[in-house]
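# Observations on chain architecture
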Amino acid sequence: YRCNATNEYNTTIVQYNSIIISYCNVPKPSISFDGNIQNNTSINRTVGENITLVCSVYGIDCDWPFYWCHNGTECDSTIGLMDKDHCRANSSITLTDLNFNNSGVYRCDHQCISQTVYATLNVIP
């Protein structure tokens with residue numbers, strides 16, 4: 001941008017300053033498991049198995065936390081891994097030795113965006 005100023009002696013001073021604007025696309029959250037993005041879906045796993053859910057948000061550049069909720073109760077809060085070159089952040093939770101109590105809705109929120117993604121985990125015998 002440019003700023004012009006003229007003083008009482010009619011002397012004009014011109015100053016140039018530049019700013020760098022980083023632009024990322026509109027933030028888009030996703031939740032994945034087994035390497036496949038599966039937003040708002042159901043997952044079936046058997047008792048005793050393990051699963052890792054990954055929440056990714058593309059189009060952000062802030063280090064604010066992710067919030068993981070299980071059936072509406074917060075179960076984890078993490079800062080996540082930032083990749084500022086690609087405007088994304090990731091957070092994951094790993095559930096080991098699954099049992100019936102692990103069944104339910106897992107929701108991921110990120111403080112920088114207003115969208116939520118979820119996956120429903122069904123633990124079966």
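Calculation criteria
- Residues numbered from 1 in each chain as written.
- Predicted model: local features only at pLDDT ≥ 70, side-chain atom pairs only at ≥ 80, totals over all residues.
- Heavy atoms only, no water.
- Helix = DSSP H or I, 4+ residues; strand = E, 2+ residues; numbered from the N terminus.
- Contact = heavy atoms within 4.5 Å.
- Areas by Shrake-Rupley, 256 points an atom, 1.4 Å probe, with all protein chains shown as cover.
- Buried < 20%, exposed > 50% of the residue type's maximum accessible area, 1.4 Å probe, protein only.
- Core = buried A, V, L, I, M, F, W, Y, C linked by side-chain atoms within 4.5 Å.
- pLDDT = per-residue confidence, 0-100.
- Pairing = 2+ DSSP bridges.

This brings us to the overall build of the protein chain. Secondary structure summary: the protein chain contains 0 helices and 12 strands in total. For the protein chain, the sequential pattern of α-helices and β-strands runs β-β-β-β-β-β-β-β-β-β-β-β. Taking the contacts inside the protein chain whose residues are at least 6 apart along the sequence as the reference set, 58% of them involve residues at least 24 apart. With an accessible surface of roughly 8100 Å², the protein chain has 48% of that area assigned to carbon and sulfur atoms.

Glancing now at unusual backbone geometry. Note: most peptide bonds trans; most residues except glycine with negative phi. In this structure, Asn71 is a non-glycine residue whose phi angle is positive, near 50 degrees. Relative to the helices and strands, Asn71 resides in the loop between β7 (66-70) and β8 (73-78). One non-glycine residue, Asp97, adopts positive backbone phi at about 50 degrees. Among the secondary structure elements, Asp97 is positioned in the loop between β10 (88-95) and β11 (104-110). The exposure class assigned to Asp97 is exposed, which follows from its relative accessible area of 54%.

Turning our eyes to something else, we now look at the nonpolar core. Buried together is how nonpolar side chains tend to be arranged in soluble globular proteins. Core analysis: the largest hydrophobic core is formed by 19 residues, its most contacted members being Ile43, Ile51, Leu53, Trp68 and Leu121. At the level of elements, β3 (28-33), β6 (51-58), β7, β10, β11 and β12 (116-124) are the ones that each hand at least two residues to this core. Once you skip the residues sitting within four places of it in the chain, Leu53 turns out to touch Ser32, Phe33, Ile43, Trp68, Ser91, Ser92, Ile93 and Tyr106.

It is worth spelling out the confidence of the model for the protein chain at this point. Residue-level pLDDT values for the protein chain average 76, and 66% of them are 70 or greater. Confidence scores differ between elements of the protein chain, with strand β9 (residues 81-83) showing the lowest mean pLDDT of 55 and strand β5 (residues 41-46) the highest of 90.

Here we come to the environment of Leu95. Of note, Leu95 is situated in strand β10. According to the relative accessible area criterion, Leu95 is buried, its value standing at 14%. In contact with Leu95, not counting residues within four places along its chain, are Glu49, Asn50, Ile51, Tyr106 and Leu121.

A separate point is the pairing of β12. Judged from the 6 bridges that link them, β5 and β12 form a sheet pairing that is parallel. In the strand pairing of β12, Ser42 is matched with Thr120.

The next subject is the environment of Asn36. For Asn36, the position within the fold is in strand β4 (residues 36-37). C-alpha of Asn36 to C-alpha of Val54: the two residues are 18 residues apart in sequence and 9.7 Å apart in space.

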